[in-house]
Amino acid sequence: MKIFVVYCHPSKNSFTYQVKEEFLKGLRDANHTFIVSDLYEMNFNSELSEGEYEREAFYRSEIPVANDVLEEQRKIQESDAIVFIYPVFWTEAPAKLVGWFDRVWSSGFAYNPNPQMKVLKKALFILSAGKTMESLEETGEANAMRTVMLGDRIRTRAIEKEMIMFDGTSHWNEAERNVRIIEHLKTAYNLGVNF
Ligand SMILES: Cc1cc2nc3c(=O)[nH]c(=O)nc-3n(C[C@H](O)[C@H](O)[C@H](O)COP(=O)(O)O)c2cc1C
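Residues numbered from 1 in each chain as written. Predicted model: local features only at pLDDT ≥ 70, side-chain atom pairs only at ≥ 80, totals over all residues. Heavy atoms only, no water.

The name given to the chain in an unreviewed UniProt entry is Flavodoxin family protein, with Anaeromicropila herbilytica as the source organism. Note on the chain: under the UniProt heading Sequence similarities (unreviewed entry), the record states "Belongs to the NAD(P)H dehydrogenase (quinone) family." (UniProt positions renumbered as here; feature names shortened; annotations may be inferred.)

(A) Layout of the UniProt feature "domain: Flavodoxin-like fold" (unreviewed entry) in the chain. Within the UniProt annotation, "domain: Flavodoxin-like fold" (unreviewed entry) is assigned to residues 1-148. Along residues 1-148 one finds 39% helix and 19% strand; the C-alpha atoms at either end are 26 Å apart. (Helix = DSSP H or I, 4+ residues; strand = E, 2+ residues; numbered from the N terminus.)

(B) The arrangement of the nonpolar core in detail. The biggest cluster of nonpolar side chains holds 34 residues, and the ones touching the most others in it are I76, F84, Y86, L97, W100 and F125. Elements with a contribution of two residues or more to this core: β1 (2-7), β3 (81-87), α4 (95-104), β4 (120-128), α6 (141-154) and β5 (158-166). If near-sequence neighbours (up to four positions away) are discounted, I76 is found in contact with F4, I82, W100, V104, W105, F109, M117, K118 and L120. (Core = buried A, V, L, I, M, F, W, Y, C linked by side-chain atoms within 4.5 Å. Buried < 20%, exposed > 50% of the residue type's maximum accessible area, 1.4 Å probe, protein only. Contact = heavy atoms within 4.5 Å.)

(C) The arrangement of the pairing of β4 in detail. When you tally the buried positions in β4, you get 8 out of 9 residues, the bulk of the element. Summarising the sheet, β3 and β4 pair through 7 bridges and their orientation is parallel. The residue bridging I85 from the neighbouring strand is I126, located in β4. Regarding the hand of the β-α-β motif, the stretch spanning β3, α4 and β4 is right-handed. Looking at chain direction, β4 and β5 are connected through 8 bridges and run parallel. Of the residues in β5, the one forming a bridge with K122 is E160. (Pairing = 2+ DSSP bridges. Right-handed = clockwise from strand over helix to strand, strands pointing away.)

If you want it as structure tokens, here you go:
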């Protein structure tokens, strides 16, 4: 399969960076082909311009789609699957990735009129979260994130869709964190191998 990986974390010292590396290693070992958009490294512009807003909100239709957005859309059209790797920031993706959706999920591509975006075979979200799964489920935060990403942003744009959360990665309890991240990194590798 050809996989488009959208990765978003500001630091190479992060756990999320290691997750991305392990996942890509798994993909390589399974002979998958992939391309990566590293949104911070690319300095991806995640802010809608006034013109883009007016086009997306259907005030004006003549505003062209920007080249950097067309490039991301081309990567989607040339792939079979999409994978997002990012840390949870305030029960959402980092603002840069949220802005990527604002701009790349444009009208005429991801939604009306006549959306041209292909239906992908699979959309996988790999998140790292400081909180534990118990806490994220109990507060409804895990479900909120599933609803927004799998429900609203992917909806019918992929046949198979899944969200994996690597939990308990905060530095509050180093001993517990160290155990968890070893397991999470193994899982990240296996997600790549078994994609
Ligand atoms: C600004 C900010 C907001 C965060 N918000 C949440 C949150 O809402 N829920 C959560 O579980 N973790 C939250 N975290 C923790 C991150 O998800 C954590 O950084 C990540 O899980 C893994 O660590 P890494 O940054 O080393 O990759 C937040 C971290 C930052 C910096």
